[in-house]
Every structure is written in C-alpha cells, then in structure tokens.
2 protein chains.
Amino acid sequence: MSEQLLELLNGAGVRLTGPRRELAALISKRGGHFTAADLVADAAKRRLGIGRATVFRFLDLLTEQGVMEHVDLPDGRHAYVPCEPTHHHHLVCTRCGSVSEVEDCGIDSVTAEAARRSGFEIQSHRLELFGRCPKCQKVKR
Amino acid sequence: MSEQLLELLNGAGVRLTGPRRELAALISKRGGHFTAADLVADAAKRRLGIGRATVFRFLDLLTEQGVMEHVDLPDGRHAYVPCEPTHHHHLVCTRCGSVSEVEDCGIDSVTAEAARRSGFEIQSHRLELFGRCPKCQKVKR
DNA sequence: ACCACATATGAGACCCAGTCTCATATAGCA
DNA sequence: TGCTATATGAGACTGGGTCTCATATGTGGT
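Residues numbered from 1 in each chain as written. Chains lettered and ligands numbered in written order. Predicted model: local features only at pLDDT ≥ 70, side-chain atom pairs only at ≥ 80, totals over all residues. Heavy atoms only, no water.

Asker: Would you mind going over the protein's contact with DNA strand D with me for this structure?
Answerer: The environment of DNA strand D is made up of 24 residues, and the closest members are A:R15, A:T17, A:T54, B:L16 and B:R52. A breakdown of the atoms of DNA strand D within 4 Å of the protein gives sugar and phosphate a share of 58%. A:R15 places a polar side-chain atom, nitrogen or oxygen, 2.8 Å from a base nitrogen of DNA strand D. One of the side-chain nitrogen or oxygen atoms of A:R57 is found 2.9 Å away from a base nitrogen of DNA strand D. Elements supplying a minimum of two residues to the surface near DNA strand D: α2 (18-29) and α4 (52-64) of chain A together with α3 (36-45), α4 (52-64) and β2 (78-82) of chain B. Per-element accounting of the surface near DNA strand D gives the leading share, five residues, to α4(B). Looking at side-chain class alone, the surface near DNA strand D contains ten nonpolar, seven polar and seven charged residues. (Near = heavy atom within 4 Å. Polar contact = N/O pair within 3.5 Å; in protein donor to acceptor, adjacent residues only side chain to side chain. Helix = DSSP H or I, 4+ residues; strand = E, 2+ residues; numbered from the N terminus. Nonpolar A, V, L, I, M, F, W, Y, C, P; charged D, E, K, R; others polar.)

See the structure below:
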C-alpha cells in the first residue's frame, strides 16, 4: 500500500528519501483521514526525528500528485485523505473517520442546472458527503 | 438589509448591542463573501473600537442563527458569507468574489446514488460551486 | 425612570495549522 | 567515489481563531 505511494513518487522526478518512505508508511497505516498534527505526532512517537516542515512538504507533494486531498470535516477541522488521482468525491464516516470515494454520480446535471438558474459559468466544484459507513451503521447509536 | 439581521437577533434572545448593530451594518455593506480579517479591518478603519473577539463572536452568533456560513475558497482561504437560513449551496465567483445561492438542484438523486453504491447512510453534504458570475463573464480574461 | 444582574465587550495573551528561511545533509547520477 | 541539485530539521514567523478576565451595558422587573 505504501509501495504504491513510493512507486508513484519515483515516476515523478522526486527523490525517495528516508523521511518520505517513513511518512508513506505512517500514512498507509492510518486508513481514512487524518490531520497534519496526527501525522506529526505519529512521527514524533517513533522518534524518527522528522520535522514539521517535512511533513507538510510531503503532504503538499502528495496533493500535487493527486493522491492526497484536503477535506473539511463537518466540525470544521481540516483533514487530509489519501485518494485516487481522478476526479471524485468523498464520503466521510462521521463515526470512525473512514473515507470512501465515489466517482461522478450525475453531479454534472446538478451543476448544469445551477449554471442555468444563476447565469454563472461554473469552473469547478467541491462535493463532500458525510454519514455512516456500512460498518458503523451496525453499531447501536 | 442590516435591519433584517438585527430583527432576527432580536427574536433569538440576544441583546441588540452597539457593536452588533455596527457590525451588522458593515456586513450588509459588503455584498458577497469576506474574511474575518476584512471585517476587523473595516471596524478598525472606522475607529469603532471593536475588538477582534467581538467580531468572531458575532460571526459565530450569525452562523448559529443560520444566516452566515463558512466557505473555503478554491485557494484555501476561509471566508464568511451571509445567506438564507435554509438548506442551499453557494456559487462563488472566483473573480469578483460575489456569492449566489442555489437551492437543491437535484442533488438528492446524487446523494442517493452515492449511498447506493457505497452502502453509506448519508447524513449531510456540502456542495460548493466556483466559477464566474454573469457580470465577470463579460470582462476579457 | 431606575436598578440589578445576566450578558456582552475589549484587550491582549494564547493556541494551532501551516509557511519560510537557512545552514546542513543526502539521493542519485557521472 | 564525488558532485550537485534537491530535501531536510530547527525554529522563527504568520494568520485565523479562541480564552480569560476585569469592565461595561442592555433589558426585564419594579
């Protein structure tokens, strides 16, 4: 799983450094979303000596490569989520934090309709869905 | 326009204080979105002696009342936008910053489809559309 | 019109996420 | 193996937002 990340970076003209390997492993060990602070804490816990700046730089790098994205949780916190480098939307479980991806599910007709009504020329959009994943639906509320 | 805000607050068991009246006026004077820093600067420019904390508290208050919302601009900046207290989505002009609202444009079928495919039970969603408003489309790029 | 008191305020310290700088280290090619 | 562009860590810095606490003020009851 973290090999995928490294492989991708390899093909993108970036160096495969020690810190990057370690961070890739930490990220893949966390399923779902996490905050930058989580990752910094993970690294600190293992005494890897990785600086905050390096963590943020790595997250930026992954984001540029399209395998990481920002999500704003319903409570306003910022999270990062690993994902496929194609256009898609996120389904975030508000209980366990896991994230699924859905491809376009007919959103184009929605944006077209919004454009028609408003006169806007729509360039991009952001859709985030929050709810309970199948596993968490089974847990009593 | 700012009367609407004040009227609403009046009915919500909050006090109509001087600073709140002034902030309501400043907000209604700005169409579209603005950042908290903008509002702080507006107040400072008029030497109203309003503290930062008061500005943020007022924005929170309006958000609780549903007449103000957070929007994350495509460039990552945080903005506040005044809006109707019903469920809707925002169309943000990336050139002039104006904001329009659109009501549900068939998004329910999209969320239903996403739920079907993923097994998630969807509780809420957030959709933001970015583009050019009718006025800005006429300006040469 | 006044009072009492809950609620709101301003000032500034504080916190957290993220960025920048710069001297040092290192991946990866020749 | 050695060279050099690229990446790193430390820590200062920024910007958005929160907290505290002593003071001020709106408002309901008289």
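Asker: Sorry, what's going on with a negative patch on the surface here?
Answerer: A cluster of like negative charges, contributed by A:E84, A:E101, A:E103, A:D104 and A:D108, occupies part of the molecular surface. Residue placement: A:E103 occurs in the loop between β4 (99-102) and α5 (107-118). (Patch = residues over 30% accessible without salt bridge, like charges linked within 9 Å, V, L, I, M, F, W, Y side chains within 5 Å. Areas by Shrake-Rupley, 256 points an atom, 1.4 Å probe, with all protein chains shown as cover. Salt bridge = Lys/Arg side-chain N within 4 Å of Asp/Glu carboxyl O. Lys, Arg positive; Asp, Glu negative; His and termini not counted. Charge placed at Lys NZ, Arg CZ, Asp CG, Glu CD.)

Asker: When you look at the protein's contact with DNA strand C in this model, what are you seeing that I'm missing?
Answerer: Among the 24 residues in the neighbourhood of DNA strand C, the closest are listed as A:R52, B:R15, B:T17, B:G49 and B:T54. The separation between a base nitrogen of DNA strand C and a polar side-chain atom of B:R15 is 2.7 Å. Of the residues forming the surface near DNA strand C, the biggest block, five residues, is contributed by α4(A). Of the residues that constitute the surface near DNA strand C, the class distribution is ten nonpolar, seven polar and seven charged.

Asker: Just to check I follow, could you spell out the packing of aromatic side chains for this structure?
Answerer: Two aromatic rings are characterised by how far apart their centres lie and by the angle between their planes. Residues and elements named next belong to chain A. Applying the stated criterion across every chain, the model contains two aromatic pairs over all chains. Between F34 and Y80 the ring centres are 6.4 Å apart and the planes differ by 20°, which places this aromatic pair in the stacked class. In this pair, F34 is assigned in the loop between α2 and α3 (36-45) and Y80 in strand β2 (residues 78-82), connecting sequence segments 46 residues apart. No difference in accessibility class separates F34 from Y80, as the two residues are buried. (Phe/Tyr/Trp six-rings, centres within 6.5 Å; stacked < 30°, edge-to-face > 60°. Buried < 20%, exposed > 50% of the residue type's maximum accessible area, 1.4 Å probe, protein only.)

Asker: What's the story with the relation of the copies chain A and chain B in this structure? I'm lost.
Answerer: One copy of the chain maps onto the other through a rotation about an axis plus a displacement along that axis. The two copies are related by a screw motion: chain A maps onto chain B through a turn of 179° and a shift of 0.1 Å along the axis, at an RMSD of 0.3 Å. Such a combination of rotation and displacement between the chain copies is what one expects of a two-fold axis. When C-alpha distances to the rotation axis are compared across chain A, the minimum falls at A:L127, with a value of 2.2 Å. The share of interface residues of chain A whose copies in chain B are also at the interface is 100%, consistent with both copies meeting through the same surface. (Least-squares fit on C-alpha atoms with pLDDT ≥ 70 in both. Contact = heavy atoms within 4.5 Å.)

Asker: Would you take a moment to explain the side chain of A:H125 for this structure?
Answerer: Within the element layout of this structure, A:H125 appears in strand β5 (residues 121-132). The exposure class assigned to A:H125 is buried, which follows from its relative accessible area of 19%. A polar atom in the side chain of A:H125 sits 3.1 Å from the side chain of A:H87. Of the polar contacts made by the side chain of A:H125, one reaches the side chain of A:H89; its length is 3.0 Å. Not counting residues within four places of it along the chain, the set of residues in contact with A:H125 comprises A:H87, A:H89, A:I107, A:T111, B:E128 and B:L129.

Asker: Even after reading the chapter, I still don't get the pattern of salt bridges, so can you show me in this structure?
Answerer: Where charged atoms from two side chains of opposite charge come close, those side chains can pair. Residues and elements named next belong to chain B. Taken as a whole and assessed by the stated rule, the structure comprises eight salt bridges over all chains. R30 serves as the salt-bridge partner of D42, at 2.8 Å between the closest nitrogen and oxygen. Here R30 lies in the loop between α2 (18-29) and α3 and D42 lies in helix α3, a separation of twelve residues in the sequence. Assessed through its relative accessible area of 14%, D42 is described here as buried. Residue classification places R30 among the partly exposed residues on the basis of a relative accessible area of 28%. Between E113 and R116 there is a salt bridge; the shortest N-O distance is 3.0 Å.

Asker: Just to check I follow, could you spell out α4(A) for this structure?
Answerer: Each full turn of the α-helix corresponds to 3.6 residues, which orients residues three or four apart in the same direction. Residue and element names in this part refer to chain A. Taking 1.5 Å per residue as the helical rise, α4 with its 13 residues ought to reach 18 Å, and the 18 Å between its terminal C-alpha atoms agrees with that figure. What α4 keeps buried is the set V55, F58, L59, L61 and L62. Within α4, the buried residues cover an arc of 160° as seen down the axis, which keeps them to one side. Residues R52, R57 and E64 are exposed on α4 and point more than 90 degrees away from its buried face. G66, located one to two residues past α4, shows a positive phi value of around 85°. (Expected span 1.5 Å × (residues − 1). Arc of directions from axis to C-beta.)

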